[in-house]
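Each chain, letter by letter, is given below.
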Amino acid sequence: MDRIARLSRLAAHLADVAPADLSVRLWDGTILPLCPGARQDLLVLVNTPAALTRLLRRPRLATLVDLLGEGAIDLSGGTLLDFAARAGATRGLFGRLDKALLAKTLLPFLFGPGGARPSTAYAGRQAARAEDRDDRAQVQFHYDLSNAFYALFLDPLM
């Protein structure tokens, strides 16, 4: 069974145990509804299999933000808060999931290529230790702005 078919089975299983009124569109255009009759005005767009690999390897909000910033995952029709509002009940979700189905579906992604690291256009990672940070550069980037910048949106008196 190929990866797309397995992801379809997993989505159907999730729709049974934790329905969410939204859908996921995979890199090949396949749409996976996460509940019976799910509306498609909110779509999570998974643009590359490597996005799933990275989420499985590092299941953190920072990983999701990196993937969104890179365009590996997109949200169509709303914001992250809109998606959270439509999500199903997640409390105790892991206990309700079919572990064999999870393993068969996700293992090929776990050991797949992780894709590119964040580009220089999106530098979402911060230094882990305080001594590694360049606070002066951070302050200059955020606060040392010229009057030309403020003139873009303030009146002549600023």
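Going by the structure above, here's the rest.
These numbers come from a predicted model, not from an experiment.

A. Looking closely at the pattern of salt bridges. Applying the stated criterion across every chain yields a total of three salt bridges. A salt bridge links Asp 21 to Arg 39, with the shortest nitrogen-to-oxygen separation between them at 3.9 Å. Taken together, the positions of Asp 21 in the loop between α1 (3-17) and β1 (23-25) and Arg 39 in the loop between β2 (31-33) and β3 (43-46) put the pair 18 residues apart, joining distant regions of the chain. The class of Asp 21 is partly exposed, set by a relative accessible area of 22%. Note on Arg 39: relative accessible area 43%, which makes it partly exposed. Of the charged contacts in the structure, one is a salt bridge between Asp 41 and Arg 39, with a shortest N-O distance of 2.8 Å. Its relative accessible area of 38% is what places Asp 41 among the partly exposed residues. Look at the salt bridges and you will find they share partners, linking Asp 21, Arg 39 and Asp 41 into a network.

What counts and how
- Residues numbered from 1 in each chain as written.
- Predicted model: local features only at pLDDT ≥ 70, side-chain atom pairs only at ≥ 80, totals over all residues.
- Heavy atoms only, no water.
- Salt bridge = Lys/Arg side-chain N within 4 Å of Asp/Glu carboxyl O.
- Helix = DSSP H or I, 4+ residues; strand = E, 2+ residues; numbered from the N terminus.
- Buried < 20%, exposed > 50% of the residue type's maximum accessible area, 1.4 Å probe, protein only.

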